[in-house]
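# Examining the three-dimensional arrangement
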Amino acid sequence: MRDKTIIIVGGGIGGLCAAIALARKGWQVRVLEQAPQFGAIGYGIQLGPNVPPMMAHLGLRDEVIAASVLPNNVMMIDAFDGQPVTVVDTGADFRARYHDDPYMVIHRVDLHNILVAACRTYPEIHLDEDAAVTGHEDHGDHVVVISADGRRFEGALVIGADGIRSHLRKSIMGDSEPAQTGYVAHRTIVPIDQVPEGVSTDDVVLWGGEGFHIVHYPLRNKTIFNIVAVFETQTFAEKMETEAYRAELERTYMHSHPAMRAMVKMLDLERRWPIGDRKPQRGWSKGRVVLMGDAAHATLQSYAQGAGMAIEDAVVLASLIDGCKGDYESAFKSFESERLLRTARIQLESRTLWSHYYHLSGIDAQVRNQRERARSREDVWSCLDWIYKGISLPY
Ligand SMILES: Cc1cc2nc3c(=O)[nH]c(=O)nc-3n(C[C@H](O)[C@H](O)[C@H](O)COP(=O)(O)OP(=O)(O)OC[C@H]3O[C@@H](n4cnc5c(N)ncnc54)[C@H](O)[C@@H]3O)c2cc1C
């Protein structure tokens, strides 16, 4: 069985983790990536303590932790009064609670480099760049995946790890574009010594206000600082000039805390990302094709768990494929039932946090602040246990 190739469409975090997980069990894997090079956009990513045990399955736990910054706290601050609303203490007691696994923030490029380098150490893994997949044929006992330049790749099955706008999803689930929130993100990295006064360089911080937020945290041994500004705008789908973006940002953040306004001035406005997700849906597989990661269950970043879920998917899916004795359709059904409710809860609660927690104003925000500020450290942790305690594997 294992001499047959498994084709993975998409060399993002999820696809590369799946390739490593399968190769470690002896499977031949071919990863088809549309970009001319396997790589990531140059910003940060947060990974909760549910992720290191998955990295341990890939043999990469210590390497990923070593390349990360471990923040003291993950917190939300009110965008107007500048005071903490919810604080998740991510220090030693937090780590002890979650099987000695830390909360981490890492540069996406560093994470990607670790994953690509790991892939290259397995003779079972073949990485194909410049291979945009445009179609596939399911022949019952094998699949053929076709790229834009007409190449045909034959395999035993195909895993669609091709992200929120997944081509494979369209062909097996028949749905269309992701749901747009009307929010956009601008991302920036600056040297740590340029961080404005009053802004923590030891924590992951989200400053939330009506219709906007800013997230920031340090990266690379605290030498650089990642800032993401997210806000609602009618022009979310338009590409505009930098000056027009600047004017929108200044209007949006006009009444926010001075520290936020100082960070807005530092933003790189070359590019913006519209923020979308999908509502939970069944039907992640058809015949010999299965979806994982954002292709199956794209989420808003409220819990910072989209990649975390893709990494968990990769390990679970590899384990089920390996244990299924060639009955891939059953393995795919088990995969969906194993993963659906956890990922759906992330998607649904992320939408709730987005509209009923981060972006409130007036009395709604005051009620939130009063409620949240009265919570104990233990209470805050216990609400996150379902995510951070992680998963057990089917085999
Ligand atoms: C602003 C923002 C902040 C976020 N912050 C966090 C965070 O802190 N923590 C977290 O866990 N998650 C975060 N996320 C979510 C996270 O980035 C995604 O959930 C994660 O990248 C999904 O991984 P994936 O491998 O499923 O898909 P992707 O990372 O999207 O990878 C898909 C890959 O498939 C390739 N591809 C697409 N189509 C084709 C095709 N037809 N043929 C071949 N290749 C193709 C793409 O080029 C890409 O390399 C954030 C998202 C956003 C937008």
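Quick look at the structure, then. (Residues numbered from 1 in each chain as written. Predicted model: local features only at pLDDT ≥ 70, side-chain atom pairs only at ≥ 80, totals over all residues.)

Turning to its location among the elements, Arg-345 is positioned in helix 11 (residues 328-358). Exposure remark for Arg-345: the 15 C-beta atoms within 10 Å place this residue in the partly exposed category. Separated by 170 residues in sequence, Arg-345 and Asp-175 have C-alpha atoms that sit 21 Å apart. (Helix = DSSP H or I, 4+ residues; strand = E, 2+ residues; numbered from the N terminus. Buried ≥ 20, exposed ≤ 12 C-beta atoms within 10 Å, placed from the backbone.)

Read across the sheet, 6 strands follow the order 7-2-1-11-18-17 without closing on themselves; strand pairing throughout is mixed. Lying at the two open borders of the sheet, with one neighbouring strand each, are strand 7 (125-128) and strand 17 (285-286). Sheet topology note: the strand 1 (residues 5-9)/strand 11 (residues 157-160) ladder contains 4 bridges and is parallel. Note on strand 11: the bridge partner recorded for Ile-8 is Ile-159. (Pairing = 2+ DSSP bridges.)

It is worth spelling out the site of the ligand at this point. For the ligand, the set of nearby residues contains 32 residues, the closest of which are Gly-10, Gly-12, Gly-163, Gly-293 and Gly-306. Mapped onto the shell around the ligand, the elements with two or more residues apiece are helix 1 (13-23), strand 3 (44-47), helix 9 (294-297) and helix 10 (306-323). When its residues are assigned to classes, the shell around the ligand shows 15 nonpolar, 14 polar and 3 charged. (Near = placed C-beta within 6 Å. Nonpolar A, V, L, I, M, F, W, Y, C, P; charged D, E, K, R; others polar.)

It is the contact of helix 1 with helix 5 (residues 108-120), at a shortest axis distance of 10 Å, that shows an interaxial angle of 30°. Judged by the inter-axis angle, helix 1 sits roughly parallel to helix 5. Every pair of crossing elements has a handedness; the one defined by helix 1 and helix 5 is left-handed. On helix 5, the residues that touch Ile-13, Leu-16, Cys-17, Ala-19 and Ile-20 of helix 1 are Leu-111, Leu-115, Val-116, Ala-118 and Cys-119. Partitioned by chemical class, the residues of the contact of helix 1 with helix 5 number 10 nonpolar, no polar and no charged. (Axes fitted to C-alpha atoms, helices over the stretch in contact; angles between N-to-C directions. Parallel < 35°, antiparallel > 145°, perpendicular 65-115°, else oblique. Left-handed = near helix turned anticlockwise from the far one by under 90°. Contact = placed C-beta atoms within 7 Å.)

It is worth spelling out the nonpolar core at this point. Soluble globular proteins: nonpolar side chains tend toward being buried together. Counting 112 residues, the largest nonpolar core has Ala-18, Ala-19 and Met-292 as the members making the most contacts within it. In terms of residue count, helix 10 provides more of this core than any other element does, 11 residues in total. Not counting the four nearest positions on each side in its chain, Met-292 is found in contact with Gly-14, Ala-18, Ile-159, Ala-161, Ala-310, Asp-313, Ala-314 and Leu-317. (Core = buried A, V, L, I, M, F, W, Y, C linked by C-beta atoms within 7 Å.)

Considering the arrangement of structural elements, one finds Thr-5 in strand 1. For the pair formed by Thr-5 and Leu-157, sequence separation is 152 residues and the distance between their alpha carbons is 7.6 Å. With residues up to four places along the chain from it excluded, the contact list for Thr-5 reads Gln-28, Val-29, Arg-30, Gly-155 and Ala-156.

Here the focus is unusual backbone geometry. Despite not being glycine, Asp-100 has its phi angle at roughly 60°, a positive value. Tracing the backbone through its elements, the reader meets Asp-100 in the loop between helix 4 (92-97) and strand 6 (104-107).

Over its 18 residues, helix 10 extends 26 Å from the first C-alpha to the last, a length consistent with the 26 Å expected when each residue adds 1.5 Å. Judged by how many residues are buried, helix 10 sits mostly within the fold: 16 of 18 residues are covered. Where helix 10 terminates, the next one or two residues include Lys-325, which has phi positive at roughly 50°. (Expected span 1.5 Å × (residues − 1).)

With their axes 9 Å apart at the nearest point, helix 10 and helix 11 run at an angle of 160° to one another. When the axes of helix 10 and helix 11 are compared, the pair comes out roughly antiparallel. At the point where helix 10 passes helix 11, the crossing takes the right-handed sense. Residues Met-309, Asp-313, Val-316, Leu-317, Leu-320 and Ile-321 of helix 10 lie in contact with helix 11, whose contacting residues are Tyr-328, Ala-331, Ser-334, Phe-335, Glu-338, Arg-339, Thr-343 and Ile-346.

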